[in-house]
Amino acid sequence: MSKQREKISAWERYLTKEIGIEFKACLYFFAILFFYCMYRVLRGGYDASILHMAEMIFMTYAMGYLQVFVLSAFDEGETLGAKEIGYLLVCSLLYGGMSWLCSWFDRNLWVCVGFFFYIAFTYVCAFLVYRAKRRIDEKLLNDDLRMFQERRKRENE
């Protein structure tokens, strides 16, 4: 019985990480696609390359795995210290480099540099959203615990 619980626990940990990576991929893909579409519209075009979008979604999944398994899911951390800022800059640089290599923005250096800063800003926003969600979840859990303790107290009286 104990081994079965351990397997379930390991499965749940794995599944939790996979769901987190899926969420990150969707979040960052949307942000990247928004920037890409605004670039295309401002250049007078209303079409987007399917190849570019495939490269973008592949990159967001690869970055999600890198962030979760190598970089300690820094955007979900408690603080945004020097280490996390370093990770943020590395990931933003990788996205910027990929945008240049894959010619998402027609290899326009200034647009790629702007994209780098946009992605860095997106990471900061994601950090703030994750932090706000943690605080809300903490309040809800504390309220649930308080209600449970009061109910147990009444039952024991």
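Computed from a predicted structure; not experimentally measured.

> Help me understand the layout of surface pockets in this model?
Where empty space is left in the structure can be found by rolling a water-sized probe over the atoms. Within this model, the largest pocket holds a volume of roughly 150 Å³. Lining the largest pocket, in full, are F23, L27, F30, A31, F121, T122, C125, A126, V129 and Y130. Contributions of two or more residues to the lining of the largest pocket are made by α1 (2-42) and α4 (109-156). For the lining of the largest pocket, the leading source of residues is α4, giving 6 residues. Among the residues forming the lining of the largest pocket, the class breakdown is 9 nonpolar, 1 polar and no charged.

> Would you mind showing me how to read the nonpolar core here?
Within the largest apolar cluster, 27 residues are counted, with the highest numbers of intra-cluster contacts made by I32, M56, Y95, W104, F105, F115 and Y123. Mapped by element, the contributors of at least two residues to this core are α1, α2 (50-69), α3 (82-101) and α4. The element that contributes the greatest number of residues to this core is α4, accounting for 8 residues.

> Sorry, what's going on with the packing of aromatic side chains here?
Centre-to-centre distance and the angle between the planes together describe a pair of aromatic rings. The final tally for this structure, using the stated rule, is 14 aromatic pairs. Ring geometry for F74 versus Y123: centroids 5.4 Å apart, planes at 45 degrees, classification tilted. Pair noted here: F74 is in the loop between α2 and α3 and Y123 is in helix α4, with a separation of 49 residues, a long-range link. Aromatic pair F105 and F115: ring centres 5.1 Å apart, planes at 55 degrees, arrangement tilted. You can see F105 sitting in the loop between α3 and α4 and its partner F115 sitting in helix α4, a full 10 residues away along the chain. Taken as a pair, F105 and F115 share a single burial class, namely buried. By the ring-pair criterion, three or more aromatic residues cluster together here, those being F35, Y36, Y39, W104, F105, F115 and Y118.

> Looking at this structure, I do not really get the packing of α2 against α3. What am I missing?
When two helices pack together, their arrangement is captured by the angle between the axes and the distance separating the axes. Where α2 meets α3, the axes come as close as 11 Å, and the angle between the chain directions of the two elements is 160 degrees. Here α2 lies roughly antiparallel to α3, going by the angle between them. The element α2 and its partner α3 pack so that their crossing is right-handed. Every residue of α3 that contacts α2 at M59, T60, M63, L66 and Q67 is listed here: C91, L94, Y95 and M98. Split into classes, the residues belonging to the contact of α2 with α3 amount to 7 nonpolar, 2 polar and no charged.

> Looking at this model, I keep getting lost on the pattern of salt bridges. Mind explaining?
Between side chains of opposite charge, a pair can form when the charged atoms approach closely. Following the criterion strictly, the structure yields 6 salt bridges and no others. Note that D75 is salt-bridged to K24, the shortest N-O span being 2.4 Å. Of the two residues, D75 sits in the loop between α2 and α3 while K24 sits in helix α1, which places them 51 residues apart along the sequence. Among the residues examined, D75 registers a relative accessible area of 0% and is labelled buried.

Definitions and limits used
Residues numbered from 1 in each chain as written. Predicted model: local features only at pLDDT ≥ 70, side-chain atom pairs only at ≥ 80, totals over all residues. Heavy atoms only, no water. 1 Å grid on protein atoms, 1.4 Å probe; cavity = no way out; pocket = protein on both sides within 12 Å on 5 of 7 lines; lining within 4 Å. Points joined across faces, edges and corners; volume = space filled by probe spheres on them. Helix = DSSP H or I, 4+ residues; strand = E, 2+ residues; numbered from the N terminus. Nonpolar A, V, L, I, M, F, W, Y, C, P; charged D, E, K, R; others polar. Core = buried A, V, L, I, M, F, W, Y, C linked by side-chain atoms within 4.5 Å. Buried < 20%, exposed > 50% of the residue type's maximum accessible area, 1.4 Å probe, protein only. Phe/Tyr/Trp six-rings, centres within 6.5 Å; stacked < 30°, edge-to-face > 60°. Axes fitted to C-alpha atoms, helices over the stretch in contact; angles between N-to-C directions. Parallel < 35°, antiparallel > 145°, perpendicular 65-115°, else oblique. Left-handed = near helix turned anticlockwise from the far one by under 90°. Contact = heavy atoms within 4.5 Å. Salt bridge = Lys/Arg side-chain N within 4 Å of Asp/Glu carboxyl O.

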